[in-house]
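# Structural characterization, general
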Amino acid sequence: MPRKTKKPAIKNNACETRLSELKQLLEVIERAKQMWQATFDAIRDPVAIISEDYDIERANIATARVAGVDIKELVGKKCYKIFAGRSTVCDGCPLTHAIEANNPSISKLGNQIHKLDFEASAYPYPGGKERSKATVVHYRDITEEKRLQQELIQQEKMAAIGMLAGGVAHEINNPIGGILAFTQLLMRDVQRGDPLRADLEEIERAAIRCKKIVADLLDFSRSSSGREKQWVDVNTLVEKIVPFIKAEMKSLNINLKLELKADLPSVYADANRLQQVLLNLMTNACQAMAKGGDLVVSTYADKTDLCIQVDDSGCGISKENFSKIFDPFFTTKPPGKGTGLGLSVSYRIIREHNGTIDVESEEGKGTRFTVRLPAIKEGR
Ligand SMILES: Nc1ncnc2c1ncn2[C@@H]1O[C@H](COP(=O)(O)OP(=O)(O)O)[C@@H](O)[C@H]1O
Ligand SMILES: [Mg+2]
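Since we're looking at a predicted model, the values are computed, not measured.

## Here's the deal with the domain arrangement of the chain
- Domain parsing of the chain yields domain 1 (30-141), domain 2 (143-222) and domain 3 (226-380).
- Relative to domain 3, the C-alpha centre of domain 2 lies at a distance of 23 Å.
- For the side of domain 2 that touches domain 3, the elements supplying multiple residues, two or more each, are α6 (143-189) and α7 (195-221).
- The greatest single-element share of the side of domain 2 that touches domain 3, amounting to six residues, is contributed by α7.
- In terms of residue class, the side of domain 2 that touches domain 3 is made up of five nonpolar, two polar and three charged.

Structure below.
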């Protein structure tokens, strides 16, 4: 007679208890996972776990937002591709250093896709996928911090050079006036055709050029007292400038397009100084289009600001020169064509009006300067 196998009741009970314990444990793990995920996603800075091969293993929502992709698409992607739009590891990658040194590492990285700057801190963590090494990387957005820092440096530099330039220009102004006056007197006595005449004309030309540079320098060092300020309609200002550069535009085969929005708020400004800024920007734009092109000047209101944009389809600004263009005396033009003071003077004038001046440029394609000024609606 076959023996019946009957499990003892006690063993069954033990199994059930074990099963429910396991279930409880799974619930605890699931809750911990959810808490961890919620904490991870609540961090507003991007945080990601990245393998030693630069593959993203986990990432929070902020990472997906900065990368501009769905969070599901992040896993398995290379961090340098997602963050910097590069096909190779970023220079100074903190992850490489953290893994090599087995110590936290911090460095500054740029996000070229979204033009953001980050401070990335990498913390080595031994439990990455398949037991390979990995790091937790925290990215802090320092774009605004960097911009403010650079602006501060620029302002300090401008103030120092302004003082120096002002002093020198005052000293030089009178002797140059003397040279010019005496040259012109001598020219009256020297007949046309006399070999001395050509020399005197050369002296006169050089003195006039120096006078222009000195005038630019004095302008640069002058800070507006505020007495000359009045309510200004920017559209009228733009239209008044056009005749000044019409001849240059025609000779260079440049098409000018004005896109001036109607009913714009007025700005409280020194009209002459503001005109000088626009003339500088438009002259630069023309000079950048030696083989012709399009110059578009537009005005519009944006929140509480009034914006003036000067776009050209010219040579653009190289990466190397981009950070230098507002420096006094920085020029890429031959002597006689540029003094390198136009943009530094413009920068100073716009700062004095509590405004900002920004530039975007692509080499070979063109440049856009945007001036923003605080504006007040008519009937203020
Ligand atoms: N619209 C532009 N397109 C290309 N380069 C520009 C433009 N505006 C300015 N730049 C660059 O910035 C430099 C400085 O400009 P600026 O201060 O006006 O001095 P300058 O015109 O006398 O050279 C220029 O020499 C040029 O290299
Ligand atoms: Mg210029």
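## Regarding the site of ligand 1
- Taken together, 23 residues lie near ligand 1, and Ala-288, Thr-331, Gly-338, Gly-342 and Leu-343 sit nearest.
- Breaking the shell around ligand 1 down by element, the ones donating at least two residues are α9 (271-287) and α11 (342-352).
- A per-class count over the shell around ligand 1 returns eight nonpolar, 13 polar and two charged.

## Considering α11
- A large share of α11 lies buried, amounting to nine of its 11 residues.
- Buried within α11 are the following residues: Gly-342, Leu-343, Ser-344, Val-345, Ser-346, Tyr-347, Arg-348, Ile-349 and Ile-350.
- Residues of α11 that are buried make contact with α6, α7, α9, β11 (356-362) and β12 (366-374).

## Points about the environment of Ile-82
- Structurally, Ile-82 can be placed in helix α4 (residues 79-84).
- Under the C-beta neighbour-count criterion, Ile-82 is labelled buried, with 25 such atoms within 10 Å.
- Residues Ile-82 and Asn-235 lie 153 residues apart in sequence; the distance between their C-alpha atoms is 43 Å.
- Filtering out sequence-adjacent residues up to four positions away, Ile-82 remains in contact with Ile-56, Ala-67, Leu-74 and Lys-77.

## Regarding unusual backbone geometry
- Of note in this structure, Phe-329 is not a glycine but carries a positive phi near 70°.
- Its place among the elements puts Phe-329 in the loop between α10 (319-322) and α11.
- Positive phi, close to 60°, is recorded for Asn-354, a residue that is not glycine.
- Within the fold, Asn-354 resides in the loop between α11 and β11.

## Looking at α9
- In this model α9 runs 24 Å from its N-terminal to its C-terminal C-alpha over 17 residues, within 8% of the 24 Å that 1.5 Å per residue would give.
- All of the buried residues along α9 are Arg-273, Leu-274, Val-277, Leu-278, Asn-280, Leu-281, Met-282, Asn-284, Ala-285 and Cys-286.

## Some words on the nonpolar core
- Ranked by size, the top nonpolar core spans 40 residues in total, and within it Val-277, Leu-278, Leu-281, Met-282, Ala-285 and Val-371 carry the most contacts.
- Broken down by element, this core gets its largest block of residues, seven residues, from α9.
- Both domains that furnish three or more residues to this core are identified here as domain 2 (143-222) and domain 3 (226-380).
- The residues contacting Leu-278, other than those within four sequence positions of it, are Leu-237, Val-238, Ile-241 and Ile-308.
- Core analysis: the next-biggest nonpolar cluster, separate from the first, contains 25 residues, Ile-50, Cys-93, Phe-118 and Ala-122 among them.

## Things to note about the sheet that holds strand β4 (residues 116-125)
- Pairing in this open sheet of five strands is antiparallel, and the strands run β2-β1-β5-β4-β3 from one edge to the other. Looking at strand neighbours, the two that pair on one side only are β2 (56-59) and β3 (105-111), the edges of this open sheet. The average undirected angle you get between the axes of adjacent strands in this sheet is 30°.
- Judged from the five bridges that link them, strand β1 (residues 47-51) and strand β5 (residues 134-141) form a sheet pairing that is antiparallel.

Rules behind the numbers
Residues numbered from 1 in each chain as written. Chains lettered and ligands numbered in written order. Predicted model: local features only at pLDDT ≥ 70, side-chain atom pairs only at ≥ 80, totals over all residues. Domains from an automatic or database assignment. Helix = DSSP H or I, 4+ residues; strand = E, 2+ residues; numbered from the N terminus. Nonpolar A, V, L, I, M, F, W, Y, C, P; charged D, E, K, R; others polar. Near = placed C-beta within 6 Å. Buried ≥ 20, exposed ≤ 12 C-beta atoms within 10 Å, placed from the backbone. Contact = placed C-beta atoms within 7 Å. Expected span 1.5 Å × (residues − 1). Core = buried A, V, L, I, M, F, W, Y, C linked by C-beta atoms within 7 Å. Pairing = 2+ DSSP bridges. Axes fitted to C-alpha atoms, helices over the stretch in contact; angles between N-to-C directions.

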